[in-house]
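Coordinates in review
What follows is the residue order along each chain.
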Amino acid sequence: MTKLKNDTLIRALLRQPTEYTPVWVMRQAGRYLAEYNQTRARAGDFLSLCKNPDFATEVTMQPLARFPLDAAILFSDILTIPDAMGLGLYFAEGEGPKFERPLREEWEIRALTVPDPAVHLRYVMDAVTQIRKTLDNQVPLIGFSGSPFTLACYMVEGCGGTDFRQIKTMLYQRPDLLHHILNINAQAVIAYLNAQIESGAQAVMIFDTWGGALSHNAYQEFSLRYMSQILAGITREYGGARIPAVVFTKGGGLWLESIANSGCDAVGLDWTVDIAEARRRIGDKVALQGNLDPAVLFAAPEVITAETEKILAGYGNGSGHVFNLGHGISQFTPPESALTLVEAVHALSRKYHQ
Ligand code: CP3
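These numbers were taken from a predicted model, which means no experiment stands behind them. (Residues numbered from 1 in each chain as written. Predicted model: local features only at pLDDT ≥ 70, side-chain atom pairs only at ≥ 80, totals over all residues. Heavy atoms only, no water.)

Thoughts on the site of the ligand
Condition: Near is defined per residue: the residue qualifies when any heavy atom it owns lies within 4 Å of the molecule or strand. Any N or O atom pair separated by 3.5 Å or less is treated as a polar contact, with the protein-specific requirement of one donor-capable and one acceptor-capable atom, and with residues adjacent in sequence counted only for side-chain atom pairs. Here the open area of atoms and residues is found with the Shrake-Rupley method and a 1.4 Å probe, where only the protein chains shown may cover a residue. Gly falls in the polar group here, along with every residue not listed as nonpolar (Ala, Val, Leu, Ile, Met, Phe, Trp, Tyr, Cys, Pro) or charged (Asp, Glu, Lys, Arg).
Contacts to the ligand come from 22 residues, most closely from Arg 27, Arg 31, Tyr 36, Arg 40 and His 327. Interatomic distance of 2.6 Å between a backbone N/O atom of Arg 27 and an oxygen atom of the ligand. Contact distances for the ligand include 3.2 Å between an oxygen atom and a backbone N or O atom of Gln 28. Starting from 880 Å² of accessible surface for the ligand in isolation, the protein chains cover 87%. In terms of residue class, the shell around the ligand is built from 14 nonpolar, 4 polar and 4 charged.

Next up, the structure:
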């Protein structure tokens, strides 16, 4: 068993005592950092950055060199799975992700297969191995995947930023077809996360970015059910260590109890949720991760500190909280604001862990 120099994140996710509240930031390696943009320019484009383990390692380490973060997160993307399925992922400059061959016809859906992570996603596993080596057990490495439903949104719509017309039409008109896609996606995610864990990921997170677009009933049937399948199918103990799993449904604040019952160790909260209320509802069962509004980082340092304190005070005494933003950090964030945040979390949280 490898000994982490700083295992505060793992302990907090398992609700074991810590000295302070650990913090990391969704999209902590990204365009708000000049050095990220430089590496991306050297790689050529975003996908080449993801597909080259040297570059992926370099950008994963960049935020850690600037800020005393309590975790690293694999630099990759959730759309590597549909790319490995052959849908042809590309990023049009300034337009977000797109697929050359979105799933439109029944035969295309029936032809989908589960990619072998050791073959089709080898570059991700190589990145995980190399990042772990470079990290030298300084902090844990978080692996991740998209949720089956969120992946299906991109696979069916063919791009982001839509009104979900195609996928919701399928959901109501041909639920059998959508279930077929979700089943394949769930199997693909299980194999993918298990391969990341075997390669060295020490915690995993499932990003359900679009689950919140579903109705109450559809969320349970088309998103949460498949995340529960994943949580039952992934390795939770590896090399003598527990591998905590976090589920983050953006817009999932109304469903906290059912998310907490999915088999995860921690629930990610977006910024619309009152963390004090979330703790009352599910804090006896799971850890919580979140949930500062990313827009707070556009404000002055005093404001960032005050808003950070509100969330720490909202959670209150004891372990079980991992500080994070309620969604990814904006590319327009001044890096100094991220430093203010990380330092504020560390300094202000000690009084809640005595
Ligand atoms: O947190 C990290 O530092 C790890 C890296 C990471 C990225 N994407 C890098 C990235 C993670 C965890 C993701 C997950 C991801 N990707 C999600 C789920 C999380 C979320 O934000 O809700 C989603 C929906 C995607 C799909 C995706 N990839 C979108 C919608 C975009 C465009 C985003 C934009 O702001 O234009 C991407 C591209 C992407 N993924 C970037 C980064 C750093 C920006 C690409 C660039 O450099 O141009």
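A few points about the pairing of strand 3 (residues 96–99)
Applicable threshold: One requirement defines pairing of two strands: DSSP has to find at least two bridges between them. What counts as a helix is a DSSP run of H or I of at least four residues, what counts as a strand is a run of E of at least two, and both are numbered from the N terminus.
Bridge count for strand 2 (residues 89–92) against strand 3 is 4 bridges, and the pairing is antiparallel. Of the residues in strand 3, the one forming a bridge with Leu 89 is Phe 99.

Topic: the sheet that holds strand 1 (residues 72–73)
Using the following cut-off: Every residue pair with non-hydrogen atoms within 4.5 Å of one another is taken to be in contact. For helices, the fitted axis covers only the stretch in contact; all axes are lines through C-alpha atoms, and the angles between them, taken along N-to-C directions, range from 0 to 180 degrees.
Pairing within the open sheet is parallel, and its 7 strands lie in the order 1-4-5-8-9-10-11. Two strands bound the open sheet, and with one partner strand each, they are strand 1 and strand 11 (321–325). Along the sheet, helix 14 (residues 275–282) contacts strand 9 (266–268), strand 10 (287–292) and strand 11; its crossing angle with strand 10, the most-contacted strand, is approximately 165°.

Looking at the packing of aromatic side chains
Selection criterion: Between rings of Phe, Tyr and Trp, where Trp is taken as its six-membered ring, a pair exists when centres lie within 6.5 Å; planes separated by under 30 degrees are stacked, by over 60 edge-to-face, and by other angles tilted. With a 1.4 Å probe rolled over the protein chains alone, any residue whose accessible area is under 20% of its type maximum counts as buried; one over 50% counts as exposed, and the rest are partly exposed.
Evaluated as defined, the whole model comprises 7 aromatic pairs. Arranged with centres 5.6 Å apart and planes meeting at 55°, the rings of Tyr 36 and Phe 75 form a pair that is tilted. Taken together, the positions of Tyr 36 in helix 2 (residues 34–43) and Phe 75 in the loop between strand 1 and helix 5 (80–84) put the pair 39 residues apart, joining distant regions of the chain. The buried category is assigned to Phe 75, whose relative accessible area is 7%. Seen from their ring centres, Phe 46 and Phe 75 are 5.8 Å apart, and the 80° between their planes marks the pair as edge-to-face. Note that Phe 46 is positioned in helix 3 (residues 46–51) and Phe 75 in the loop between strand 1 and helix 5, a separation of 29 residues in sequence. Taken individually, Phe 46 and Phe 75 each receive the classification buried, so the pair is uniform in this respect. Aromatic rings pair up to connect Tyr 36, Phe 46, Phe 75 and Phe 91 into one cluster.

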